[in-house]
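Working through the structure, step by step
Below, each chain spelled out in residue letters.
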Amino acid sequence: MRRRTFLRSSSVALPAVALGLSTAGSAAADVRPTGSIAYPFSTIDVPAKSAPWTLETNRAALLVHDMQHYFVKAYAPHADPIATVLKNIKSLLDVAHARGVPVLYSAQPGGMTPEQRGLFGQLYGPGMPDDDAERAIVDPLAPMTTDTVLTKWKYSEFFRSELLEILRNAHRDQLIIVGVYAFSGITVTSADAVQNDIQAFVVSDAVADYTATGHNQALAWCAERTAKILTTRSAIAALDNS
């Protein structure tokens, strides 16, 4: 497993209101209470129209976004959405490894200083503690030695990381995005991708948000503006047949 950090990039951010954040008063926590999030995938609507792109194995990379214990623990562990999301991400990882698709992970470092945290401190408080257990990628999705773990600083994984450089050097201009949370980091990362001429593919049943409403809003926003929306089944079929 390669861990990479980088200190140069640009990013795009959505308004706090669009992301469902409080804009007044004290900062809200950046995670919900442990085990508090559950909603069925029957409530999730996959947009009928999205970007007109075709996923290709020799052009794609897979980004597993923020699947750290600190964030994942907010979900009821044996219920949807996270039960399905974990299973589907694992399936995508298996196919990516088998097909030679580069696999990257975003992971917050924990224990950020107030300077590193910046305005996120006002929005969310101090964030992830300096704790190996909290920053660990959840066990079913643990990175392999050939995978790359990138430090996550803000909403977008493109911000202050080597992600764009890695994609350019590998001649990859497509990015499959899976993980949490759909209507914050995943949405903003998809926007940064398209602004850098990287085709983004958001896998509808391999991402999750705080609520079904947020999940649906994220898919609708990305479908209209930044990404091709796929299911796990359609993403695997594309990778297996290209």
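Structure shown above.
Structural notes, computed from the coordinates. Quick caveat: nothing in here was measured; it's all calculated off a predicted structure.

Some words on the overall build of the protein
The number of helices and strands found in the protein is nine helices and seven strands. Residues counted as buried form 53% of the 242 residues belonging to the protein. A separation of at least 24 residues holds for 85% of the contacts in the protein among residues at least 6 apart in sequence. Split by element, the accessible area of the protein, about 10700 Å² in all, is 54% carbon and sulfur.

A closer look at the pairing of strand β3 (residues 103-107)
Two faces, one strand: in a regular strand the side chains alternate between the faces of the sheet. Most of β3 is tucked away: five of the five residues are buried. Here β3 shows no split at all, with Val103, Tyr105 and Ala107 on one side and Leu104 and Ser106 on the other all buried. Taken together, the four bridges between strand β2 (residues 60-65) and β3 define a ladder with parallel strand orientation. Across the sheet, leucine 62 pairs through a bridge with valine 103, a residue of β3.

Remarks on the packing of aromatic side chains
As enumerated under the stated definition, the model contains eight aromatic pairs in all. Aromatic pair tyrosine 70 and phenylalanine 71: ring centres 5.1 Å apart, planes at 80 degrees, arrangement edge-to-face. Just as tyrosine 70 is buried, phenylalanine 71 falls in that class too. Taken together, a centroid distance of 6.5 Å and an interplanar angle of 90 degrees make the contact between tyrosine 124 and tyrosine 155 edge-to-face. Here the residue tyrosine 124 occupies a position in helix α4 (residues 120-124), and tyrosine 155 occupies one in the loop between β4 (148-151) and α6 (163-169), the gap between them amounting to 31 residues. With respect to burial, tyrosine 124 and tyrosine 155 carry one shared label: buried. Clustering of aromatic rings is evident, with ring pairs tying together Tyr70, Phe71, Tyr75, Tyr181 and Tyr210. Positioned over the ring face of tyrosine 210 is arginine 32, at 3.6 Å from the centre of the ring. Directly above the ring of phenylalanine 120 sits lysine 154, whose terminal nitrogen or CZ lies 4.9 Å from the centroid.

Looking at the pattern of salt bridges
Summed over all chains, the structure comprises nine salt bridges. Between lysine 73 and glutamate 134 there is a salt bridge, with its nearest N and O atoms 2.6 Å apart. Of this pair, lysine 73 sits in the loop between α1 (69-72) and α2 (82-99) while glutamate 134 sits in helix α5 (residues 132-135); the two residues are 61 residues apart in sequence, bridging distant segments of the chain. For glutamate 134, a relative accessible area of 12% translates into the label buried. The network of salt bridges with common partners includes Glu56, Arg59 and Asp173.

Description of the environment of proline 109
Take proline 109: it is sitting in the loop between β3 and α3 (114-117). Along the chain, proline 109 and tryptophan 153 lie 44 residues apart, while their C-alpha atoms are 7.9 Å from each other. Leave out the neighbours within four places in its chain, and proline 109 touches Met128, Arg135, Thr151, Lys152 and Trp153.

Side note on the pairing of strand β6 (residues 199-208)
With 10 of its 10 residues buried, β6 lies for the most part within the structure. By the bridge criterion, six bridges tie strand β5 (residues 174-180) to β6 in an arrangement that is parallel. Across the sheet, the residue bridging to isoleucine 176 is phenylalanine 201, located in β6. The parallel pair β5 and β6 is bridged by helix α7 (residues 182-195), and the resulting crossover is right-handed. Alignment of β6 against strand β7 (residues 227-230), held across four bridges, turns out to be parallel. Residue pairing for β7: valine 203 is matched across the bridge by leucine 230. In terms of handedness, the path from β6 via helix α8 (residues 212-225) over to β7 forms a crossover that is right-handed.

As for the packing of α2 against helix α9 (residues 232-240)
Following both chains from N to C, one finds α2 and α9 inclined at 5 degrees, their axes separated by 10 Å at the closest point. Overall, the two elements α2 and α9 adopt an arrangement that is roughly parallel. Contacts between α2 and α9 involve Asn88, Ser91, Leu92, Val95 and Arg99 from the first element and Thr232, Ala235, Ile236, Leu239 and Asp240 from the second.

Conventions we followed
- Residues numbered from 1 in each chain as written.
- Predicted model: local features only at pLDDT ≥ 70, side-chain atom pairs only at ≥ 80, totals over all residues.
- Heavy atoms only, no water.
- Helix = DSSP H or I, 4+ residues; strand = E, 2+ residues; numbered from the N terminus.
- Buried < 20%, exposed > 50% of the residue type's maximum accessible area, 1.4 Å probe, protein only.
- Contact = heavy atoms within 4.5 Å.
- Areas by Shrake-Rupley, 256 points an atom, 1.4 Å probe, with all protein chains shown as cover.
- Pairing = 2+ DSSP bridges.
- Phe/Tyr/Trp six-rings, centres within 6.5 Å; stacked < 30°, edge-to-face > 60°.
- Lys NZ or Arg CZ within 6 Å of the ring centre and 35° of its normal.
- Salt bridge = Lys/Arg side-chain N within 4 Å of Asp/Glu carboxyl O.
- Right-handed = clockwise from strand over helix to strand, strands pointing away.
- Axes fitted to C-alpha atoms, helices over the stretch in contact; angles between N-to-C directions.
- Parallel < 35°, antiparallel > 145°, perpendicular 65-115°, else oblique.

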